[in-house]
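Structural overview for review
Listed below are the residues making up each chain.
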Amino acid sequence: MLDCVNVVKRYGGKFAVNGMSVAIEDAHIYGLLGPNGSGKSTWMKMAAGLIVPDEGEMRLDGVKISAETKKHIAYMPTEGYFYSYMKIKDVGRYYQDFFDDFDAQQFEKLIADMDLEMNMKVRNLSSGMMAKLKIAVTLSRKAELYLLDEPLNGIDLLARDEVVNTILTNMSDNASVVISSHLVEELERIIDKAIFMKDGQIVLMGDVEEIRQERGESVTDLYRQIYG
Amino acid sequence: MLKLIKYELIKQRTSKVIIGAILALLEVAFLAGMLLGKEEIMAIAAGMLTFLASVTFVIVGLEEIITYYHDIRDKSGYMLFMTPYNVYEIMGSKILTGFFSIAAAAIIFGIIGFADITMVCAKYGELQTLFDQMKSLFSFALQVNVDGMLIVWSIIQVVFSWVGMVTSAFLAITLCITIFSGMRCKGLISFVIYCVLNIAVSAVVVQILIWADMASVNGMMAVFSIFDILFAGACYVATGYILNKELSL
């Protein structure tokens, strides 16, 4: 589905992504793991078309990352990004205007499920509320590929289960999801493939179950081993 | 692209609402002064309306530029650049939004100005005589025939010049955020490039007009307008090209 071949992104003399090649297949949940500065967010933004790579190529179903692929990729950034003048209902309306795959009814349902209200102003939302709004609006799209950058950030322990469940039950059939997070223990129970990144490169990638069986350790333990 | 224009207008509505409110207030004051025979109020309101007209061009232009700066630098820019449009469509929507805004402002102020002058001349016959004498003076001293066509061409030239200045500002900001991003004085360099581009274009057009020995003022306005639009077009293409290669939000 998403093919990434030798992608490089430099900022000054530093490589944010350094020759990364990966193929994201249909109907899998990938965990994109690594510490701050490993290149996870940069890679996601390149796939979302927000950063142009210096070298290499990324294609979704054979189409180069462009305006066309944005119709099929739902990206959720780490940060809050909505226009400050907006209310939650305006965010929904904005997505409905621009994305044909946006389901307004699902958005309303997710907002209600997350104890948010349509008339709430974006600039008055707490970090936890903002995180929930980002999840709700992203998962209301019936995309082919979801890129969720630190979706559990700012969400309390009790709400994390709700968010994880929301991700699992609301993504479209046959879609793929790439989730980046520091909360490896939380991710491990939902992902079926893991990609470990370090200094802009993939250091390990594989099926989570195979990793557990071959190495006899969990993804969390492997994370500590690689980055410890 | 209409959806992009819609949200550009929403993002920039604050200044337009404020200007509209002040315009309405001043016009009410002007009309009240005229109806009540309070010439001082009329004069003050008329002066402030003229001032507001010139300030509007600056404010609308600044808001266009500042909005683009935030879109390309802040996280809220994700909202724009995640939409399924290429950078040329996104930049095109911004330029068209600005053009429609400033053209609308020019038309509204033009209509109000024309209406107010007509009413004043109808009420004070001596003012009409004064305007006629001023027209004759322009015609004799400067060989300029102040008629409707001249006013229309002047407005067109101001609007196109404005589009050129805003589009070149987009290019300067783009250079600052992308190609010059690692440099120390990137803001200053970009500003210098902006000034040089605008001055150079004006200098080139003036030279062409001198060489062509054009006598018609309307013709000169038309030439300036054409070059302003070509300049804006070149800046638009350059900005899109750079964003296509260097966009990094």
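Heads up: these notes are all about the structure in this document. (Residues numbered from 1 in each chain as written. Chains lettered and ligands numbered in written order. Predicted model: local features only at pLDDT ≥ 70, side-chain atom pairs only at ≥ 80, totals over all residues. Heavy atoms only, no water.)

What follows is about the environment of Ile22(B). Examined against the element boundaries, Ile22(B) turns out to sit in helix H2 (residues 13-36). Counting along the chain gives 26 residues from Ile22(B) to Met48(B), while the straight-line C-alpha distance between them is 9.7 Å. (Helix = DSSP H or I, 4+ residues; strand = E, 2+ residues; numbered from the N terminus.)

So, about the environment of Ser154(B). Residue and element names in this part refer to chain B. Structurally, Ser154 is set in helix H7 (residues 148-177). Residue Ser154 is classed as partly exposed on the basis of its relative accessible area of 23%. For the pair Ser154 and Asn218, spaced 64 residues apart in sequence, the C-alpha separation works out to 8.2 Å. (Buried < 20%, exposed > 50% of the residue type's maximum accessible area, 1.4 Å probe, protein only.)

The next thing to look at is the pattern of salt bridges. Inspection of the entire model under this criterion finds 24 salt bridges over all chains. The closest approach of N and O atoms between Glu188(A) and Arg212(A), which form a salt bridge, is 3.3 Å. A residue pair is termed long-range when its members are at least 10 positions apart, and Glu188(A) in helix H7 (residues 184-188) and Arg212(A) in helix H8 (residues 208-215) qualify at 24 residues. By relative accessible area, Glu188(A) is classed as buried at 11%. Between Lys16(B) and Glu63(B) there is a salt bridge whose closest N-O contact spans 4.0 Å. Separated by 47 residues along the polypeptide, Lys16(B) in helix H2 and Glu63(B) in helix H3 (residues 39-73) bring together distant segments of the chain. For Lys16(B), a relative accessible area of 25% translates into the label partly exposed. One salt-bridge network, in which partners are shared between bridges, spans Lys9(A), Arg10(A), Asp54(A) and Glu55(A). (Salt bridge = Lys/Arg side-chain N within 4 Å of Asp/Glu carboxyl O.)

Right, let's talk about empty space enclosed by the protein for a bit. Any space left empty among the atoms is revealed by the rolling of a water-sized probe across them. Within this structure, the stated rule accounts for three cavities of 30 Å³ or more. The volume enclosed by the largest cavity comes to roughly 80 Å³. Surrounding the largest cavity, Ala48(A), Lys70(A), Ile73(A), Ala74(A), Tyr75(A), Tyr81(A), Tyr95(A), Phe99(A), Thr138(A), Arg141(A) and Met82(B) form its lining. Among the elements that make up the lining of the largest cavity, the one with the highest residue count is strand S6 (residues 73-76) of chain A (three residues). The class makeup of the residues in the lining of the largest cavity is eight nonpolar, one polar and two charged. What lines the second largest cavity is simply Tyr83(A), Tyr94(A), Phe98(A), Lys3(B), Leu4(B), Tyr7(B), Glu8(B), Lys11(B) and Leu80(B). At five residues, the largest contribution of residues to the lining of the second largest cavity is made by helix H1 (residues 2-11) of chain B. Residue composition of the lining of the second largest cavity, by class: six nonpolar, no polar and three charged. (1 Å grid on protein atoms, 1.4 Å probe; cavity = no way out; pocket = protein on both sides within 12 Å on 5 of 7 lines; lining within 4 Å. Points joined across faces, edges and corners; volume = space filled by probe spheres on them. Nonpolar A, V, L, I, M, F, W, Y, C, P; charged D, E, K, R; others polar.)

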